[in-house]
Amino acid sequence: MEVPILGSDSLKWIEFPVPSDAASASASASASASADTCAPLTHDCASSIAIGDPPTYLIWRIHKHLPHALELLELCANKEFPKLGLRITFPQALSSSVFLCKNEIDIGSRSHPYLLYALTVAGVAYLLRLGTVSNYASSSVIREVSLHPHGPITSAAATPTGCLVVGRNDGSLACFQLTLDSTAPGFLQELRDDPGISSLWGFMARGRIVGAVQDLAISMVHGKPLIFVIHTDGVLRVWDLLFHSRLFSHKLKGPTMAGAALVRVWVGQAENNSSIIPLAILYSENLEINSDTIYVYSLHCNVGDRIVLLMEPLEQIIPIEEDGWIDVKLISNKICILKNNGLVLHDLLHKNVNTVDAVCYALQEDFVADQLFQSSEHSSDNLLLITHSVFSSSKDHILPVVSSIFLRRLLLPGIHHNAALRTTLLDYNRHWTESDFHSLTADGLKKEILSLIEDEGLTGNPSSIFCCWKNFCACYFQNWCKSNAPCGLLVDSSTGTVGLIRKSSVSLFRSLEDIERVNDGSLDELGNSPSFGLDSFGEALDCEILAEMLRCVINVSQQLGKTASAIYYESLISTPPVISSEEIVPRLLKVLETGISSTAAMLHISDLGTDVVWEKNLADHKNLRKFSIDMMLSLHALLEKSGTWSRILSVIENYLKYLVPRKITQNYDAEVALDINASILVQATSQVAKVMFESALDIHLFLSYLVSISGQINMLLDDISKIQLMLVPMIQEIIYEWLLLHFFATTPSESASIEDFSSQLSLLQIGSNTGRRSWNEKLGKCDFTLAFIFLLNVRSSDKDQSPFSPRSIPNVQDIIDSIREFASWTMWGQNGEPLTPLRRAADLTLILLRHKQYDAVERLLTIVEAHLQKEKTSHGIQATDGEWCILHHLLGCCFLAQAHRGLNGVLKEKKVHEAVLCFFSVSDAAWRLHYYQWAMQIFEQYSISDGACQFALAALEQVEEADSANNESHGRAPHNESVSTIKGRLWAHVCKFTLDLNLFYDAYCAIISNPDEESKYIWLRRLIIVLYECRAIKILCGGQLPFIGLTEKVEQELSWKAERSDILAKPNLYKLLYAFEMHQHNWRKAASYMYLYSARLRTETSLKGYKQLWRALKEIQNGLSAAINALYLVLPAYAWIDPLLERNALHNEQYPSKKARITIEDQSASNDVDPQSWKSYIDIQKIENEFVLTSAEYLLSLAHVKWTNTGTQKAQLELVDLLIETNLYDMAFTVLLRFFKGSELKRGLERVFSAMSLKCFPHIVDSSRVGDDPTTQGLLLTSSKDEVIVHGSPEVHSSNQQPNGISQWGTLELYLDRYKVFHARLPFVVAETLLRTDSQIELPLWLVKLFKDGRRERTLGMTGQESNPALLFQLYVNYGRYREATNLLLEYIGSVASMRRANIMNRKRPFGVWFPYTTIQRLWCQLEEMINSGHMVDQCKHLKDLLHGALLKHLQLVKVDSEDALS
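Residues numbered from 1 in each chain as written. Predicted model: local features only at pLDDT ≥ 70, side-chain atom pairs only at ≥ 80, totals over all residues. Heavy atoms only, no water.

## Notes on the pattern of salt bridges
This model, assessed by the stated rule, comprises 48 salt bridges. Residues Asp-370 and Lys-562 are paired through a salt bridge, measuring 3.9 Å at the closest nitrogen-oxygen approach. Taken together, the residues Asp-370 in helix α4 (residues 364–371) and Lys-562 in the loop between α12 (540–560) and α13 (563–573) connect sequence positions 192 residues apart. When its relative accessible area of 15% is taken as the criterion, Asp-370 is described as buried. The shortest N-O distance in the salt bridge between Arg-901 and Asp-855 comes to 3.1 Å. (Salt bridge = Lys/Arg side-chain N within 4 Å of Asp/Glu carboxyl O. Helix = DSSP H or I, 4+ residues; strand = E, 2+ residues; numbered from the N terminus. Buried < 20%, exposed > 50% of the residue type's maximum accessible area, 1.4 Å probe, protein only.)

Have a look at this one:
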């Protein structure tokens, strides 16, 4: 049977173009002008050669669709199949005359060990000296010669010494020594009959024309190169190439049929101890019907002074029939004929011409067609029908089972083919680049194919999906055959190895196992039982019974087809199983007895039509009746031949022994590499395991069928019991063993997880051998199965004799031997010791776990568990060796690793739950506590806190019981832990796991349940940290946690954490402490923490230069406000805090298992604070003062103005100035009223209103203030018109500054009216500031009114309060506003003079009327000076006259009043 070499379909090619020169150009021109010199290719061709010891196999291929390119591979048995091949591109199309050989021109050359001869259709011969393909460098030495003048050429051959021999139409041979120049002597030697003898014969000689050369071959006979030539006239000639002489000429006696012609000749190697040269010649008797025959001859060779050859009588005639042939090779004593339908090996030792001992080997096409249900027209339809009948009660499972069967088989090693699958996907418009497609893992291919099927089957019902699978597999099979057609044979005469070179892969042939040969239909030959290894059947009758029984088994198998084994295999291998395998057999028997269910028969009505379906159902019914009758007759005949069913069952029992894997004792000590031999072994194992599995299943179905019809075949109850109690369990054991082997050989390995650091590290290939370096790249690929992982654990003691020997590629029998050894190692271990299935499964599981094959472990252990449940031995195993516990333990580890590997959501939770169940089912009462703790640790290792918490709680339940059991049995050992210590540690773990799960209430319950006080406080601290990090710290102050004796500890931990946390971190722990204390009604502590928060925030933000200062100031403001609010809840006598003492107390608190805190002295030294100051108290008024200053600073920060508080009144006054400059008037007055009293407050108000008055002049800058305070620079704008504004006309000032002046005047009026009650002289300050700034300014009416309204009641004249008309009059005079002063004086003098008679009494009181006479005198003098100076003379005279007249009247009135008073 053909065994594909896994990975041979994934080659990448190194392109090497052969340069073209004049010879090839001229040959091409000549060939184009005339016929081709050599025959062109008509089919794909390939060949190989084995060179060296150990041999290196060189393979070349030429594809008909790419005739210019030659593909070259290099295989070594001790290496893996190469990833790179060499593709040599020639200028012209090649003929089939290509030869590879060892380089004997440059003997010992390491750079060019090989020679390649190539002959193009145009007649150009190439000789290339090639290096090794695996390490190929473009350094080939090329010799190019045009043979077109010597054509036409009919055939060619070559030697390792550089000689190319060609046959020509004239019957001659031309020998070209390509190592010489074309003009050098000896370059060309012609071999033909002696021309002298021909001239003596004259005319008769001229009539004897030699036929054209049909074919030729060169063979080394006793160290001499001989040329074997067949001519079209039926003559065989042998030439000595060294002496250029003819050694032999013989007219062959071939077929007597007219028209038969010689086509090809093949020469076998003459052994050193033999004088026989085997010779095979192909005759074509009829070209139309392709009826070819191979005649095998023997040449007897006598070696003396010269070689003498004698033709012996014809030995064998081998008809090719109509199948056609592809390639023929002679190896040792056999002839290998590659046909289109298989390989046939004939033994050449038989002397009897009519006896041909042939061994046939099937090609891979048959296996692929069988697996993909393409072997017959209705095989795939039967899959759906039988699946529907089996799952009739659970129709939802039909589609998953069918899809799983197709998908699993498509990706089986040997069926999966990269080129075919990529072409098929391309047919479905799924485009992949070559590199992307080769990078896909098995899981990636599954997803891609399933996605394609889902897209194609839009309706989603089983029929449509099945049709999609059917069409996809048919398309894939066609592409497989097209892209992987056979091209030639690979043979090694020294080892007997036979292989097949395909279009895009390479494979070997192996012998069939004994049972395989029986199943292939060789039942008639069972009489010769030793040939099948059936030596236990001593009697011929037993062999006949076995043959008849197997015919019945085959009938049952053919009735169900391949579907039965597919469904049964799926039920065993799928996880979780869709249906139990025990339920499959009865349902399959029902199909055998009653046929396809009626509902399944209706599935094809929509596709085929009612009439066709009716006819098909009728045919199926007839087939079922025929089967039932045939089986009944066969079974009765079998019973009649044997006499009793007991003897038949004994024969079956003996037969079953040959299905059991053989035990072979092995002693391995040398590592087996992942080479070509390993690839062949794995693929061959899968083939044999499949056959054995199906054979055992067929026997199982047959025996079950016998039991079901036992009443009709006269079977006794004892026989039925033997079947059910002995034979069926034996078959189930056999099925289990071969199932595991097939599972290991066909299940792709898992690729390394991305998060797996160890796997990523192994990719660096540090300190690893070749096999282990390459497997990381192969993990996850379809052709790298679990068996390769096991092979890395196999060690061989004798490489030369082991089937795993890397020296050469194994022959047909070596493969079978290696399968047996590997199967023995897999099932029975290295020494073949009697192991229970569980024990061996555990060993294999450990290997898979070490290599992180978790899915495979789950499926393996599921298979093992299902098998044990069938045997019903689980209770016994659990009670004796504890192997059942080992199984669940390993399965739990597998589930745990799967959950950790990358699953999320529901899938991860499911795996964790399954792992927990497995671990809980393992534990034994004696060591339950320790096992639960181990399980807890392993869950913790994988960061699965849920499972770890469950086992921690379970362990807590076992502490008391384990302690009492320990005390009763041994007493307490000195090193044993106490119960409280164990509980403390476990409760600590529970707390940790619940914190990981964000179960904070459960974590707190674990803390208060912990008996270890030190551990309790440590985890309380950890709880606070986690709550803080998870932003769930508010839980502590919500009143939901019962602080049983832990309130103080919680506060201390929070305070300690707050002091050591970033003050700007969120959530803020000081705020949490504030809420915590407020909830506990500790108002002073709440205020203290908020004050500490504000103080730290101010200090740290100033030290760190915090950019967004306004945010920090706002937080400080809020903190102080909260502290004030808290203190207002306390009685006034206790409304104070001492935060420094609070922090001091926190420092003095001792904490277990913590680092030493900073001492008070260190803290004071680091902050440069006097320790005596810590004794001061901070009352609510001080906090309020700080709140006011912080509020002011906050407002300034919003205006990007900075102020530094030095704690002095000067700094506070500077703060007021800055507030005024930034228009923060309310805050400025708040600061004044808060920090200044009495005369200081009045001076401050005067300062503020003076500044506010100046702001009514936006172009006037107070140079002294701006120069002294850099923060005010740029706040006031200067103008080039300053002097004009000061000294110019009022119109210019008002027109330029009116918009800004209006707002400033209104603000000044508002605040002056509000705050004049604190200082009555403020209007005077404002007016004086305005006039001092601009003496020509027109004072606002509201300001003048404040002066006039300031008179005391019941007074006359200009007397009044601190801001009265007299002060305004004085200001007018002082600043040269004579007109306004005169008018004001006249106004009040007139008011006195115009007093009504009713007030005559007031007017007569001399003390009731007062005017500022001194100021009036100053006004008089100023007017005279103006007149004398000639400045504004008329205006001044006018004012003087008005003043003189008014004064005279007033004095006269005063005189009259005085006289009246005296009288």
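## Comments concerning the nonpolar core
Met-549, Phe-702, Leu-703, Phe-939 and Leu-1036 are the most contacted members of the largest nonpolar core, which totals 264 residues. For this core, the leading source of residues is helix α19 (residues 676–708), giving 19 residues. Grouped together as the second largest cluster of nonpolar side chains are 71 residues, Val-1201, Phe-1235, Ile-1389 and Ile-1416 included. (Core = buried A, V, L, I, M, F, W, Y, C linked by side-chain atoms within 4.5 Å.)

## Things to note about the pairing of strand β9 (residues 124–130)
Burial analysis of β9 places seven of its seven residues in the buried class, the great majority of the element. Here strand β8 (residues 114–120) pairs with β9 via six bridges, running antiparallel. Looking at the pairing, Leu-119 lines up with Ala-125 of β9. Between β8 and β9, which follow one another and run antiparallel, lie three residues, and Gly-123 among them has a positive phi close to 95 degrees. Both β9 and strand β10 (residues 141–146) contribute to a ladder of six bridges, which runs antiparallel. For Ala-125, the partnering residue across the bridge sits in β10 and is Val-145. (Pairing = 2+ DSSP bridges.)

## Overview of the sheet that holds strand β15 (residues 213–221)
Pairing in this open sheet of four strands is antiparallel, and the strands run β15-β16-β17-β18 from one edge to the other. A strand with exactly one partner marks an edge of an open sheet, and here the two such strands are β15 and β18 (245–251). Within the sheet, the average angular offset between the axes of one strand and its neighbour, ignoring direction, is 20 degrees. With five bridges joining them, strand β16 (residues 224–231) and strand β17 (residues 235–240) adopt antiparallel strand pairing. (Axes fitted to C-alpha atoms, helices over the stretch in contact; angles between N-to-C directions.)

## Section: the packing of helix α41 (residues 1180–1198) against helix α42 (residues 1209–1221)
Interaxial distance between α41 and α42 falls to 10 Å at its minimum, and their mutual angle equals 40 degrees. Here α41 lies oblique to α42, going by the angle between them. Pair α41 / α42 crosses with left-handed handedness. On the side of α41, the interface is formed by Leu-1189, Ala-1192 and Leu-1196, while α42 contributes Leu-1215, Leu-1218 and Leu-1219. Class assignment for the residues of the contact of α41 with α42 results in six nonpolar, no polar and no charged. (Parallel < 35°, antiparallel > 145°, perpendicular 65-115°, else oblique. Left-handed = near helix turned anticlockwise from the far one by under 90°. Contact = heavy atoms within 4.5 Å. Nonpolar A, V, L, I, M, F, W, Y, C, P; charged D, E, K, R; others polar.)

## Focus on helix α7 (residues 418–427)
Within α7 the residues assigned to the buried category are Asn-418, Ala-420, Leu-421, Thr-424 and Leu-425. The arc that holds the buried residues of α7, viewed along the axis, is 170 degrees, so those residues lie on one side. Those residues of α7 that are buried are in contact with α8 (434–438), α9 (442–456) and α10 (462–483). In the segment just after α7, Asn-429 is the residue with positive phi, at about 60 degrees. (Arc of directions from axis to C-beta.)

## A closer look at the sheet that holds strand β6 (residues 84–89)
The pairing of strands in a sheet happens through backbone hydrogen bonds and is either parallel or antiparallel. The five strands lie next to each other as β2-β6-β5-β4-β3, forming an open sheet whose pairing is mixed. Every other strand in the sheet has two partners, leaving β2 (12–17) and β3 (45–51) as the edge strands with one partner each. Neighbour-to-neighbour, the strand axes of this sheet turn through a mean angle of 20 degrees, independent of strand direction. Pairing analysis gives seven bridges linking strand β4 (residues 56–63) to strand β5 (residues 66–76), with the strands arranged antiparallel. Its bridge partner being in β5, Thr-56 is matched across the sheet by Cys-76.

## Points about the packing of helix α33 (residues 1000–1009) against helix α34 (residues 1013–1029)
Here α33 crosses α34 at 165 degrees, and the two axes come no closer than 9 Å. Classified by the angle between their axes, α33 and α34 sit roughly antiparallel to one another. Note on packing geometry: the crossing formed by α33 with α34 is left-handed. Listed contacts from α34 to Phe-1000, Ala-1003, Tyr-1004, Ile-1007 and Ile-1008 of α33 are Lys-1016, Trp-1019, Leu-1020, Leu-1023, Val-1026 and Leu-1027. Residue classes in the contact of α33 with α34 are distributed as ten nonpolar, no polar and one charged.

## Overview of the side chain of Thr-1415
Along the chain, Thr-1415 turns up in helix α53 (residues 1413–1429). Setting aside its immediate chain neighbours within four residues, Thr-1415 contacts Phe-1369, Gln-1370 and Val-1373.

## A closer look at the side chain of His-851
You can see His-851 is positioned in the loop between α25 (837–850) and α26 (854–871). You can call His-851 buried: its relative accessible area is 17%. Reaching out from His-851, the side chain makes a polar contact with the backbone oxygen of Ile-847 at a distance of 2.8 Å. (Polar contact = N/O pair within 3.5 Å; in protein donor to acceptor, adjacent residues only side chain to side chain.)

## Here we look at the environment of Ser-751
Assignment of secondary structure puts Ser-751 in the loop between α20 (717–746) and α21 (757–762). Taking C-alpha positions, Ser-751 is 7.8 Å from Lys-781, a pair spaced 30 residues apart along the chain. Those residues in contact with Ser-751 that sit more than four places away from it in its chain are Thr-441, Leu-779 and Gly-780.

## A look at the confidence of the model for the protein chain
Mean pLDDT over the protein chain works out to 79, with 80% of the residues at or above the 70 mark. For residues 873–880, every residue scores under 50 in pLDDT, and the model assigns this stretch ten contacts once sequence neighbours within four places are set aside. (pLDDT = per-residue confidence, 0-100.)

## Structural notes on the environment of Tyr-736
Tracing the backbone shows Tyr-736 in helix α20. The exposure class assigned to Tyr-736 is buried, which follows from its relative accessible area of 4%. Taking the C-alpha atoms as reference points, Tyr-736 and Val-864, separated by 128 residues in sequence, lie 8.1 Å from one another. Filtering out sequence-adjacent residues up to four positions away, Tyr-736 remains in contact with Pro-837, Ala-841, Ile-863, Val-864 and His-867.

## Some thoughts on the pairing of strand β24 (residues 325–331)
For β24, the tally of buried residues reaches six of seven residues, placing the bulk of the element in the interior. Hairpin geometry of β24 and strand β25 (residues 334–339) is characterised by an intervening segment of two residues between the two adjacent antiparallel strands and by a positive phi of about 45 degrees at Ser-332.

## Things to note about α33
Inspection of α33 places Phe-1000, Ala-1003, Tyr-1004, Ala-1006 and Ile-1007 among the buried residues, and these make up the whole buried set. Down the axis, α33 shows its buried residues gathered within 155 degrees of arc, on one side only. Elements in contact with the buried residues of α33: α32 (979–996) and α34.

## Structural notes on the packing of aromatic side chains
With the rule as written, the count across this model stands at 34 aromatic pairs. Their ring planes at 90 degrees and their centres at 5.7 Å tell us that Trp-266 and Trp-325 sit as a pair that is edge-to-face. Here the residue Trp-266 occupies a position in strand β19 (residues 261–267), and Trp-325 occupies one in strand β24, the gap between them amounting to 59 residues. Members of the aromatic cluster, joined through ring pairs, are Phe-919, Phe-920, Trp-927, Tyr-931, Tyr-932, Trp-934, Phe-939 and Phe-951. It is Lys-663 that lies over the ring of Trp-828; its NZ or CZ is 4.5 Å from the centre. Against the face of Trp-1136 rests Arg-1084, its NZ or CZ located 3.9 Å from the ring centre. (Phe/Tyr/Trp six-rings, centres within 6.5 Å; stacked < 30°, edge-to-face > 60°. Lys NZ or Arg CZ within 6 Å of the ring centre and 35° of its normal.)

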